[in-house]
Amino acid sequence: MNPASARGIPQDLIEALRDAERVVALTGSGISAESGVLTFREAQTGLWECYDPQQLATPEAFERNPRLVWEWYEWRRRLVTEAEPNPGHLALAELERRVPNFTLVTQNVDGLHRRAGSRDAIELHGNILRARCPAEEIVLGPDQTGAVPPLCPNCGGPLRPDVVWFGETLPSAALEAASEAARGCDLFLSIGTSSLVYPAAALPYEALENGVIIVEVNPAETSLTPHVDYALRGGAAKVLPELLRKAFLPL
Ligand code: OAD
């Protein structure tokens, strides 16, 4: 491990990024923290510190009380809609333009990567701006009707947010694409995630097994930190633009 913290970004990392043909970035809620979106596990402010996921983010919770679940997601949807992408999101959109083969994988459901200009983000955990009919497995855009929960225009059943809940499996095509990209890249960036939630948390280890350079961007240490080649300590909105500037000057 090569902790980079206050000393700035190591020159060999800058060169590795500049020379990389294939780069994967895996993001978590920390990249959106500086946009005002809440993370999940940070003391006091994390969503799962303040709310019980068993009551709000499981299929059973939705069956029990679809209105409660929908209203909670409506609140989160409002926060996300009012938020703006930050320089960290913008730097990843720029990285997509700079690196010959770039794959962005996100655990976030906030859609901020797309709004920042990233074109093909793999959304492992879905997107709260979309709804889905659980009976028919049809994905729909944002609800316009205002009903709580909104009803499927086809079958009349209650729609759910198009996100992955606890106890559910991830979309298999998305996970496979992410895993293949992780195993085949030259450099893997793990940004703003506690690296605790599987299977997303397995991706850097899959890369590691294939000799990929692993870089973590996070103000705090995580369970992944001891395994990474470079730990860049700081907020993504500051560290990522700096990394980009140094690797690809003039931007
Ligand atoms: P966590 O809340 O577990 O972790 C957030 C991470 O972001 C922490 O390691 C923070 O130190 C870091 N962080 C905070 N501010 C940051 C900043 N400005 N820049 C960079 N990093 C920062 O959130 P996730 O790892 O995203 O799943 O959680 C993973 C999954 O758990 C989520 O996708 C969600 C949740 O249950 C589902 O909803 C399916």
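I will try to describe carefully the structure that is included in this document. Please read these numbers as outputs of a predicted model, since none were measured by experiment.

Reading the values: the criteria
Residues numbered from 1 in each chain as written. Predicted model: local features only at pLDDT ≥ 70, side-chain atom pairs only at ≥ 80, totals over all residues. Heavy atoms only, no water. Helix = DSSP H or I, 4+ residues; strand = E, 2+ residues; numbered from the N terminus. Expected span 1.5 Å × (residues − 1). Buried < 20%, exposed > 50% of the residue type's maximum accessible area, 1.4 Å probe, protein only. Polar contact = N/O pair within 3.5 Å; in protein donor to acceptor, adjacent residues only side chain to side chain. Phe/Tyr/Trp six-rings, centres within 6.5 Å; stacked < 30°, edge-to-face > 60°. Lys NZ or Arg CZ within 6 Å of the ring centre and 35° of its normal. Pairing = 2+ DSSP bridges. Salt bridge = Lys/Arg side-chain N within 4 Å of Asp/Glu carboxyl O.

### Some points on helix α7 (residues 87–98)
- The terminal C-alpha atoms of α7, which comprises 12 residues, lie 16 Å apart, in line with the 16 Å expected from a rise of 1.5 Å per residue.
- Looking at α7, one finds that the buried residues are G88, H89, A91, L92, A93, E94, L95 and E96.
- Where α7 begins, the capping side chain belongs to N86, and its oxygen is found 2.7 Å from the backbone nitrogen of G88.

### What about the packing of aromatic side chains?
- Within the structure shown, the criterion is met by nine aromatic pairs.
- Each ring, one from W72 and one from W75, has its centre 6.5 Å from the other, and the planes form 45°; the classification is tilted. With W72 and W75 both in helix α6 (residues 66–82), this residue pair falls three residues apart, about one helical turn.
- Relative accessible area serves as the criterion here: at 25%, W75 is assigned to the partly exposed category.
- Ring-pair connections join several aromatic residues into one group, and the members of that group are F40, W48, Y51, F62, W72, Y73, W75, W165 and F166.
- One residue, R77, lies across the ring of W70, its end atom 4.8 Å from the ring centre.
- Here the basic side chain of R160 rests over the ring of W165, its NZ or CZ set 3.8 Å away from the ring centre.

### Topic: the pairing of strand β3 (residues 101–106)
- For β3, the buried fraction is high: five of the six residues fall into the buried class.
- Inspection of the sheet shows strand β2 (residues 22–27) paired to β3 by six bridges, in the parallel sense. When the bridges of β3 are listed, A25 appears paired with L104.
- Two strands pair when backbone bridges link them, and β3 and strand β4 (residues 122–123) are joined in this way by two bridges, in the parallel orientation. When the sheet's bridge partners are listed, T106 is paired in β4 with E123.

### Observations regarding the pattern of salt bridges
- One pass over the structure, following the stated rule, counts 16 salt bridges.
- The partner of R130 in a salt bridge is D162, and the shortest N-O contact between them spans 2.9 Å. With R130 in strand β5 (residues 126–133) and D162 in strand β7 (residues 160–163), this residue pair connects regions lying 32 residues apart in the sequence.
- The residue K246 makes a salt bridge to E242 at a minimum N-O spacing of 3.1 Å. With a gap of four residues between them, K246 and E242 both fall in helix α11 (residues 236–248), about one helical turn apart.
- With relative accessibility at 18%, the residue E242 sits in the buried group.

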